[in-house]
Amino acid sequence: MATPSETKGAAEASSTSSNPNPNSNSNSKNALIDQLAQVLPEKTKFAVHHLSTPPTLTEPLNNPPALPTEPNKDGAESSGASEVRARKPLKTYCEKHFLAVSIEHPESKEQLLVLALEVYLYTTSFSTVIFVSKADSTGYLNLLKLPQGTPSPIREVTTAFVTYLVAQRRRKHIQCVINLFARAQSQYLFPGSIKNGGKHVLDDRGLVRWWCRVLNPLLEPSSESTSSEWEKVHGYLIVPGLEQYDTRLLLPRTQKAKDNWTLNDPLERISPYAADPATYGKNIPPRCLIPMYPDDPKARFVDELEETTPLRQRLIGGWPTPKTMDQFWELMSHRQECSSGRLTGFIWLVLDPPARGEGGAQSDSAAAATLNRSETDSKATREKKQQKKKKVVLKGPIVPRQPRIKTHQRAHFPKHTSTAHYYWPEEGRGRVVLDDSGYKRAVELLLHLEFGTVKQALASTARWINEVNVGESWSLDIVGRRQNPMLPVGSASGDGATTGAVNNLSGMIKRKRPADGDEAASSGDAPPVNTLGGGLVRKKPKTSESHEPLPTPSSNGEKVNVLSAGLVRKKQKS
């Protein structure tokens, strides 16, 4: 629970900060602040900068399958390339989110970026796909000197933000998919941050394991209300070129991990074409199942296969070489992104909504097909009306118009916040909403700054925050409410810090039992030293300079006969 002073400070920060978005609501700030404050350390100050774009029409994620071949008048199927046509792809909208988290420098009291996340939301009439594009940290979080045992704020913020987007973009009876690929790299969003010694860069296996731990709370929710919103939540992991036994070691070590995770891809399950076999057929080629995201390793492989395959062959039978998804992942394991000494993990989380009843999936696809047909008919009707209109000849005096000065970048807000293809509520928008070009400039500005040292990071943070919103304040102040874990009870040090108890294993050491009658050993004194007598020591006899053996007295006192040098017969040299 937060103290009254903390709650008051968060409320004043949310009320006094200016609102660049005229259509935004205070609930969006409160929902994000409350969710992040629950996972951040207690009485620790953070600042959040949330940037987003409106849903914009974009390229479809999947290639549409071909239309069935129509027979000729003679009854034979057409064989020409012109008769084979692709279906109309699903109308897809993309909404981009960028979250930056900063802390207050202990000495200068200036803002310092420590974490950034970039997430793309792709929505269609069939599903909502949340694609985590980039995530990076600067390594300056150690300046807070958090107590030992505190959960990583970077992992907790990432989990909370993804959970927040899932809750805000949830649509009734619509499937939601969380997708990302984990590829180890020194820096993604903060140039020069690798020079900071406090930045901990994970290797390929550690990064895949970290992302599985980030998404695992969605599979094992702590509250029953969260789990009741979805009928089934399941995770999928595939690492090309890695055996299943080694891949299973990357999963979280929990009791439910074996049931919640599958070492395979769910592309056939989440495909809108495979969900409606009556319309698209039972055999969907891999080229129509694989989604293509920006800067995606498998998307680059798909582009190469598309360029090397003729159009007619693509539409009729797909690619010639990878006919199944298993063959596709086998070829992916030999790609440079997956075989250059580093592993690349592909992770999915599929959240299935409660079914509408009998034939829920078929009704959804049928509704989507009906919407596509109605949109096609309405578009054709509008084109005919435009053709019928006569060309208007302008007449009269020309009245000059005063130019409008743009104080800051304004985004084009869509007319409807909820359609069959996207859902854009006020509660889930960013603190600043920009169009696609303004969003790209904001992200590119961050990629041209420097975060190698603390001085450079402070200057880069101030510049990025000021230029994104043209000098207006758009930060959300947060005070953590998560209590620190209790450390083992021990003695307090001089500075008031509590040290953990030292484990004493002396009582568990098994000592050798002393011999009976040995009072010295039982009393703890040093045992007596065994000394050999003079008759028991055998010494080596010494030799003279002439190498002749010296006479040694016998035990009976008799003399020993020694041969002289003249009686020794030597072997003649050859």
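What you are looking at is a predicted structure, and each value in this text was computed from that prediction instead of being measured. Each chain has its residues counted from 1, following the order in which its sequence is written. pLDDT decides what is reported in this predicted model: residues at 70 or higher carry local features, side-chain atom pairs at 80 or more are listed and counted, and totals for whole chains, interfaces and linings draw on all residues regardless. Side-chain numbers come from the whole structure's heavy atoms, not from hydrogens or water.

> Tell me what's going on with the overall build of the chain, and back it up with residues and numbers.
Counting from the N terminus, the helices are DSSP H or I runs at least four residues long and the strands are E runs at least two residues long. A tally of helices and strands in the chain yields 17 helices and eleven strands. For the chain, the proportion of its 574 residues judged to be buried stands at 40%. Contacts were defined at the residue level, with two residues in contact if any of their heavy atoms lie within 4.5 Å. In the chain, of all internal contacts separated by at least 6 residues, the share reaching a separation of at least 24 is 75%. Approximately 35,500 Å² of the chain is accessible, and the part contributed by carbon and sulfur atoms is 51%. Burial classes follow relative accessibility: with a 1.4 Å probe on protein chains only, a residue under 20% of its type's maximum area counts as buried, one over 50% as exposed, and anything between as partly exposed. For accessible areas, the Shrake-Rupley method is used with a probe of radius 1.4 Å. Any residue's cover is judged against the shown protein chains and nothing else.

> Give me the pairing of strand S11 (residues 476-479): which residues, what numbers.
Only one face of S11 is covered, namely the one carrying Leu 476 and Ile 478; the face carrying Asp 477 and Val 479 has none of its residues buried. When DSSP finds two or more bridges between two strands, those strands count as paired. With four bridges connecting them, strand S1 (residues 45-52) and S11 associate as antiparallel partners. By the bridge assignment for S11, Phe 46 is matched with Ile 478.

> Describe the packing of helix H10 (residues 297-308) against helix H12 (residues 325-332), listing the residues and the values that go with them.
In this analysis an axis means a line fitted to C-alpha atoms, helices contributing only their contacting stretch, and an angle means the value between N-to-C directions, from 0 to 180 degrees. Across the interface, H10 lies against H12 with an axial gap of 11 Å and an inter-helix angle of 105°. Taken together, H10 and H12 sit at an angle that is classed as roughly perpendicular. Side by side, H10 and H12 meet where Pro 297, Lys 298, Phe 301 and Val 302 of the first sit next to Phe 328, Trp 329, Leu 331 and Met 332 of the second. Each residue belonging to the contact of H10 with H12 can be placed in one class, and the counts come to seven nonpolar, no polar and one charged. Each angle gets one of four labels, with under 35 degrees taken as roughly parallel, over 145 as roughly antiparallel, 65 to 115 as roughly perpendicular, and the rest as oblique. Here the nonpolar group is Ala, Val, Leu, Ile, Met, Phe, Trp, Tyr, Cys and Pro; Asp, Glu, Lys and Arg are the charged ones; every other residue, Gly included, is treated as polar.

> Before we move on, can you summarise the nonpolar core with the specific residues and values?
Most often, soluble globular proteins have nonpolar side chains that are buried together. With 110 residues, the main nonpolar core has Phe 98, Leu 237 and Trp 464 as its most contacted residues. Take this core: its biggest share by element is ten residues, from strand S4 (residues 111-123). Residues within four places of Phe 98 in sequence aside, it is in contact with His 49, His 50, Leu 51, Ala 116, Leu 117, Glu 118, Leu 189, Tyr 439, Val 443, Leu 446 and Trp 464. The definition of a nonpolar core used throughout is a set of buried Ala, Val, Leu, Ile, Met, Phe, Trp, Tyr and Cys residues joined through side-chain atoms within 4.5 Å.

> Tell me what's going on with helix H4 (residues 204-219), and back it up with residues and numbers.
Here H4 is 16 residues long and its end C-alpha atoms lie 23 Å apart, about the 22 Å a rise of 1.5 Å per residue gives. For H4, the principal kink sits at Arg 213 and spans about 25°; a proline, Pro 217, occurs within the next four residues. Counting buried residues along H4, twelve of its 16 residues qualify, which places the element largely inside the surrounding structure. Listed in full, the buried residues belonging to H4 are Asp 204, Gly 206, Leu 207, Val 208, Trp 210, Trp 211, Cys 212, Val 214, Leu 215, Asn 216, Leu 218 and Leu 219. A 3.5 Å cut-off defines polar contacts: any pair of N or O atoms within that distance qualifies, except that in protein one atom must be a possible hydrogen donor and the other a possible acceptor, and neighbouring residues in sequence count only when both atoms are side-chain atoms. Here H4 starts with a cap whose side-chain oxygen sits 2.8 Å from the backbone nitrogen of Gly 206, and that cap is Asp 203. Here the expected length of a helix is defined as 1.5 Å per residue gap, with one fewer gap than residues. Two axes are fitted around each residue, one to the seven residues ending there and one to the seven starting there, and the angle between them is reported as the bend at that residue.

> Tell me about the packing of aromatic side chains, and name the residues and values.
Whether two aromatic rings pair depends on their centres lying within 6.5 Å, for rings of Phe, Tyr and Trp, where Trp uses its six-membered ring; planes under 30 degrees apart make the pair stacked, over 60 edge-to-face, and the rest tilted. Summed over all chains, the structure comprises 18 aromatic pairs. Judged by centre distance (5.0 Å) and plane angle (80°), the rings of Trp 210 and Trp 211 are edge-to-face. The same class applies to Trp 210 as to Trp 211, namely buried. Between Phe 301 and Phe 328, the aromatic rings sit 5.4 Å apart at their centres with planes inclined by 25°, giving stacked as the arrangement. Of this pair, Phe 301 sits in helix H10 while Phe 328 sits in helix H12; the two residues are 27 residues apart in sequence, bridging distant segments of the chain. Classification of Phe 301 by relative accessible area gives buried; the value is 8%. Among the aromatic residues, those joined into a cluster by ring pairs are Tyr 120, Tyr 122, Phe 131, Phe 181, Tyr 293, Phe 301, Trp 319, Phe 328, Trp 329, Phe 346 and Trp 348. Distance and angle both matter: a charge sits over a ring if NZ of Lys or CZ of Arg is within 6 Å of the ring centre and within 35 degrees of the ring normal. It is Lys 96 that lies over the ring of Tyr 120; its NZ or CZ is 5.4 Å from the centre.

> Summarise the environment of Leu 458; cite the residues concerned and give the values.
Counting through the fold element by element, Leu 458 comes out in helix H16 (residues 454-468). According to the relative accessible area criterion, Leu 458 is buried, its value standing at 11%. Between the C-alpha atoms of Leu 458 and Leu 113, which are 345 residues apart in sequence, the distance is 7.9 Å. If we skip the residues at most four places from it in the chain, Leu 458 touches His 105, Ser 108, Glu 110, Gln 111 and Leu 112.

> Describe the environment of Met 325, listing the residues and the values that go with them.
Turning to its location among the elements, Met 325 is positioned in helix H12. Distance from Met 325 to Pro 285, taken between C-alpha atoms, is 8.8 Å for residues 40 residues apart in sequence. Contacts of Met 325, omitting those with residues within four sequence positions, involve Asp 265, Leu 267, Pro 286, Leu 289 and Ile 290.

> Talk me through the pattern of salt bridges; I want residue IDs and the actual numbers.
Between Lys or Arg on one side and Asp or Glu on the other, a salt bridge is scored when a side-chain nitrogen of the former is within 4 Å of a carboxyl oxygen of the latter. Scanning the entire structure with this criterion turns up 16 salt bridges. Between Asp 436 and Lys 96 there is a salt bridge, and its shortest N-O distance comes to 2.9 Å. Taken as a pair, Asp 436 in helix H15 (residues 436-447) and Lys 96 in strand S3 (residues 92-104) lie far apart in primary sequence, 340 residues in all. Looking at Asp 436, the relative accessible area reads 31%, which means it is partly exposed. Assessed through its relative accessible area of 12%, Lys 96 is described here as buried. Notably, a salt bridge pairs Lys 199 with Asp 136, separated by 3.0 Å at the nearest N-O pair. Placement of the pair is Lys 199 in the loop between strand S6 (175-183) and H4 and Asp 136 in strand S5 (residues 127-137), with a sequence separation of 63 residues. Judged by its relative accessible area of 7%, Asp 136 is buried.

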